[in-house]
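Given next are the chains, with one letter for each unit.
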Amino acid sequence: MTLAETRDLLERLRRGETTVDVVVRALQAAPFADLGFARVDTHRAVRQGFPEVVFGAGKTPAQVTGIAARVFAEHRRVLVTRATLEQARAVRRRFRRAVHHPVARCLTLEQEPLPRRPGYIAVLCAGTSDLPVAEEAAVTAEFMGNRVERLFDVGVAGLHRLLGRLELVLGARVLVVVAGMEGALPSVVAGLVARPVIAVPTSVGYGASFGGVAALLGMLNSCGSGVTVVNIDNGFGAGYAASQINALAAEAAEAAAAPPSAAPRAPRPRRRPSPSP
């Protein structure tokens, strides 16, 4: 059961359109589906607002297909990250509407897209070699109902490339900044904006980059305020966090635009009966 379905069920109970027993039975349903090789968390969307995401690495095509099918049956959407070509082919054989994003190494399947929140998330990367991680972040954020603006190959070796698109950078509600090598780009961006910056170190670089550790340490030691760092190559985590931030911003904007509710009237003081003569 999704969060929206739970709310709808409770609203129907409040309106008298269903019974307490029906609601109890729905809420007593097991919070996971046991597939033998996996226990799919069917209540993830109720707790976190989005269904369980399938991590494809290390799983067989049959396992990915089975998990994805169960999530889709429950929530009508599913995201698979780190999907191989073989896994994508297996899922698409069962679900023709599934979309493979080869650069992002993701697979998406949905009954219909989520409505786009106002505002946008900017995903930047320093070099073309960082594209797989940046696209993973972008696809994740888009699939979760956000508009995403991409700005790629704007690393510090040619800073004019970034400054030439400054309007796009400044207009974002939250920014995901992906970089390998020395990992300097998030610090530069953080010095230009008054928005949250999620830094993503990548494993791109020569020997002393230590598979992304150099970029990770550089980002953790950033002098730019407001920089949050995720794990090496974790584009998914950055895109997910950016979506949560944008969702909060959208909720705040909606609340601010709503007309103020009328203040409740103070109860009238009750007249004390006059004493009998």
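Scroll up a little and you will see the structure.
1. Quick notes on the overall build of the chain
Phase 1: A count of helical and extended segments in the chain gives eleven helices and eleven strands.
Phase 2: Taken over the C-alpha trace, the chain has a radius of gyration of 24 Å; the compact-globule value for 277 residues is 19 Å, which it surpasses by more than 25%.
Phase 3: Seen through its C-alpha atoms, the chain measures out along the principal axes to roughly 100 × 50 × 30 Å.
Phase 4: Here the chain holds 277 residues, and the buried ones make up 41% of them.
Phase 5: When contacts within the chain are restricted to residue pairs at least 6 apart in sequence, long-range pairs at least 24 apart make up 65% of them.
Phase 6: For the chain, the computed accessible surface area is about 15400 Å², with 56% contributed by carbon and sulfur atoms.

2. Structural notes on the sheet that holds strand 4 (residues 77-81)
Phase 1: With mixed pairing, the four strands of this open sheet are ordered in space as 3-4-6-5. The sheet is open, and its two edges are formed by strand 3 (54-55) and strand 5 (99-101), each paired on a single side.
Phase 2: Relative to strand 4, strand 3 runs parallel, the two being bridged by two bridges. Bridge assignment links Phe 55 to a residue of strand 4, and that residue is Thr 81.
Phase 3: Here helix 4 (residues 61-75) sits on the sheet in contact with strand 3, strand 4 and strand 6 (106-110), set at roughly 150 degrees to strand 4.
Phase 4: Each of strand 4, strand 5 and strand 6 touches helix 6 (residues 131-143); the most contacted strand, strand 6, lies at about 10 degrees to it.

3. Brief notes about the side chain of Thr 65
Phase 1: Note that Thr 65 resides in helix 4.
Phase 2: On the accessibility criterion, Thr 65 (10% relative accessible area) is buried.

4. What to know about the pattern of salt bridges
Phase 1: Enumeration according to the criterion identifies eleven salt bridges in this entry.
Phase 2: One salt bridge in this structure joins Glu 11 and Arg 14, with 2.7 Å as the shortest N-O distance. Separated by three residues within a single helix, Glu 11 and Arg 14 lie in helix 1 (residues 3-14), roughly one turn from each other.
Phase 3: Between Glu 136 and Arg 82 there is a salt bridge, with its nearest N and O atoms 2.9 Å apart. Here the residue Glu 136 occupies a position in helix 6, and Arg 82 occupies one in the loop between strand 4 and helix 5 (85-94), the gap between them amounting to 54 residues.
Phase 4: Salt bridges sharing common partners tie together Asp 41, Arg 44 and Arg 47.

5. Some thoughts on the state of the cysteines
Phase 1: Throughout the structure, instances matching the rule amount to zero disulfides.
Phase 2: Looking at the unpaired Cys 125, the closest cysteine sulfur is the one in Cys 106, lying at 15 Å.

6. Structural notes on helix 11 (residues 235-257)
Along an α-helix, residues three or four positions apart point the same way, because every turn accommodates 3.6 residues.
Phase 1: In this model helix 11 runs 33 Å from its N-terminal to its C-terminal C-alpha over 23 residues, within 8% of the 33 Å that 1.5 Å per residue would give.
Phase 2: Of the residues making up helix 11, those classed as buried are Gly 235, Gly 237, Ala 238, Gly 239, Tyr 240, Ala 242, Ser 243, Asn 246, Ala 247 and Ala 250.
Phase 3: Against the buried residues of helix 11 lie helix 3 (44-48), strand 7 (120-125), helix 6, strand 9 (174-179) and strand 10 (197-201).

7. Let's talk about the side chain of Thr 140
Phase 1: Relative to the elements of secondary structure, Thr 140 occurs in helix 6.
Phase 2: We classify Thr 140 as buried; its relative accessible area is 0%.
Phase 3: Among the polar contacts listed, one links the side chain of Thr 140 to the backbone oxygen of Glu 136, at a separation of 2.8 Å.

8. With respect to the environment of Leu 216
Phase 1: Following the sequence through the fold, Leu 216 ends up in helix 10 (residues 213-220).
Phase 2: On the basis of relative accessible area, Leu 216 is assigned to the buried category, the value being 19%.
Phase 3: Along the primary structure Leu 216 and Val 200 are separated by 16 residues, whereas in three dimensions their C-alpha atoms are 7.8 Å apart.
Phase 4: Contacts of Leu 216, omitting those with residues within four sequence positions, involve Pro 201, Val 229, Val 230 and Ile 232.

9. As for the pairing of strand 6
Phase 1: Among the five residues that make up strand 6, four are buried, leaving the element largely enclosed by the rest of the structure.
Phase 2: In this sheet, strand 6 lies alongside strand 4 in antiparallel orientation, the contact comprising four bridges. Its bridge partner lying in strand 6, Val 80 is registered against Leu 107.
Phase 3: Sheet topology places strand 5 next to strand 6; three bridges connect them, and they run antiparallel. Opposite His 100, over in strand 6, you have Leu 107 as the bridge partner.

Here is what the cut-offs are and how they apply
Residues numbered from 1 in each chain as written. Predicted model: local features only at pLDDT ≥ 70, side-chain atom pairs only at ≥ 80, totals over all residues. Heavy atoms only, no water. Helix = DSSP H or I, 4+ residues; strand = E, 2+ residues; numbered from the N terminus. Rg over C-alpha atoms; globule rule 2.2 N^0.38 Å. Buried < 20%, exposed > 50% of the residue type's maximum accessible area, 1.4 Å probe, protein only. Contact = heavy atoms within 4.5 Å. Areas by Shrake-Rupley, 256 points an atom, 1.4 Å probe, with all protein chains shown as cover. Pairing = 2+ DSSP bridges. Axes fitted to C-alpha atoms, helices over the stretch in contact; angles between N-to-C directions. Salt bridge = Lys/Arg side-chain N within 4 Å of Asp/Glu carboxyl O. Disulfide = S-S within 2.5 Å. Expected span 1.5 Å × (residues − 1). Polar contact = N/O pair within 3.5 Å; in protein donor to acceptor, adjacent residues only side chain to side chain.

Read these as layout, nothing more, since geometry by itself doesn't imply function.
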